[in-house]
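Coordinate analysis (summary)
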Amino acid sequence: MPRITRRTLLTGLGGASLAACTGGTTRTPTPATADDLGASTSPTATPAPPVTVNTATGPVLVPGEPMRVVVLDTDVLDSALTLGITPVGAALPARDTRYPDYWPTSRTTGIRLVGPAGSPDLPTVRALRPDLILSNQARDGDRYDQLREIAPTVLTQTTGAPWKANVGLHARALGRVAAGEAFADAYEKHAGQVAQALSAAKLSGRRVSLVRFVAGGGIRLYGRQSFPGTVLADAQVGRPDAQNVDQSDFEVPPDQIGKADGDLLLYATYGDPEQAGLDAMLASPGWQALGAVRAHRAFPVDDQLWFQGIGYTGANYVLDELQRFLGA
């Protein structure tokens, strides 16, 4: 199976959105540019009626075609951009200083940074005059009343494993239900193709380990109930025993780094590598003794994609990189 470049993948996914937004009868991706993806969602001459969305905080009445959208976490950033809406404002995790580079700069230029996720600057949000705010209760549940005074606010319960259902909710709030369904279909097809390619190459049994070094937060291993864990499951990839658990993630001390071993080990760093203890761990005897390291099957990955790219565009790129790392 030919490998998919990020540009080619974004082009194909843009076609899926175009077909959905223009009422096409087929959802097969067709060539389109990233600019087309945004242009396809311009409002119609007749304003769409308001829509009631069932959120984690109860029913919320939102504009039928919100155009000035503020997103306060990375999952809703992926959803908005995937569905063809460039937010007017966005919050990023506190230790991130740039928007995820799995998106071309043409899609993120002009988005106003409104502060760190979990602690946005509310006067900045208000100044952007949003007609919709998107986030989740884990980040912004304690300031929901303040946010809804600014604009209708749609919160999901959390991020991570429920990301597909969350995207469906985001799509309804953004007035992009058909596009959301098209992206869901395209992703499921892609996951099936990757699973088939891995099976054909006799790689499905490989156990893939997910490790994240977090500045100020130790070493985290990721289970099935995490965003990357669900993507690996969709590709029918195995997990090491320690990570084959129904939880999102758990922290391990350095002397238990053996739980990070697998046939393939993928690791990322959030924040300053030195503060996260990355270099010290990579040089440690425990890390060097891991089977994946000794077999040269341990690779760094982009944290903003693998652990923060919680949506269909991020997930498709993760599938493609997984296939490349496994060599199928």
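In short, a report on the structure. (Residues numbered from 1 in each chain as written. Predicted model: local features only at pLDDT ≥ 70, side-chain atom pairs only at ≥ 80, totals over all residues. Heavy atoms only, no water.)

We now examine the environment of G58. Within the secondary structure, G58 is located in strand β2 (residues 58–62). Residue class for G58 comes out buried when judged on its relative accessible area of 19%. For the pair G58 and L155, spaced 97 residues apart in sequence, the C-alpha separation works out to 9.2 Å. (Helix = DSSP H or I, 4+ residues; strand = E, 2+ residues; numbered from the N terminus. Buried < 20%, exposed > 50% of the residue type's maximum accessible area, 1.4 Å probe, protein only.)

On to the sheet that holds strand β12 (residues 298–300). Across the sheet, which stays open at both edges, the five strands sit in the order β10-β9-β8-β11-β12 with mixed pairing between neighbours. Of all the strands in the sheet, the pair left with one neighbour each is β10 (249–252) and β12. Ignoring strand direction, the axes of neighbouring strands in this sheet form an average angle of 30°. Looking at chain direction, strand β11 (residues 264–270) and β12 are connected through three bridges and run parallel. Considered in β12, the bridge of L265 is made with A298. In the packing of helix α15 (residues 312–326) onto the sheet, contacts are made with β8 (208–214), β11 and β12, and the angle to β11 comes to roughly 135°. (Pairing = 2+ DSSP bridges. Axes fitted to C-alpha atoms, helices over the stretch in contact; angles between N-to-C directions. Contact = heavy atoms within 4.5 Å.)

What follows concerns the pattern of salt bridges. If you walk through the whole model with that rule in mind, you get 10 salt bridges. Of the charged contacts in the structure, one is a salt bridge between R143 and D142, with a shortest N-O distance of 3.5 Å. Using a relative accessible area of 12% as the deciding quantity, one classes R143 as buried. Judged by relative accessible area, D142 falls into the exposed class, the value being 66%. For D303, the salt bridge is made with R212, and the minimal N-O distance between the two is 2.6 Å. Within this pair, whereas D303 is found in helix α14 (residues 303–306), its partner R212 is found in strand β8, the two being separated by 91 residues in sequence. Across the pair, R212 and D303 agree in class, each one buried. What you see here is one network of salt bridges that share partners, running through D140, D142 and R143. (Salt bridge = Lys/Arg side-chain N within 4 Å of Asp/Glu carboxyl O.)

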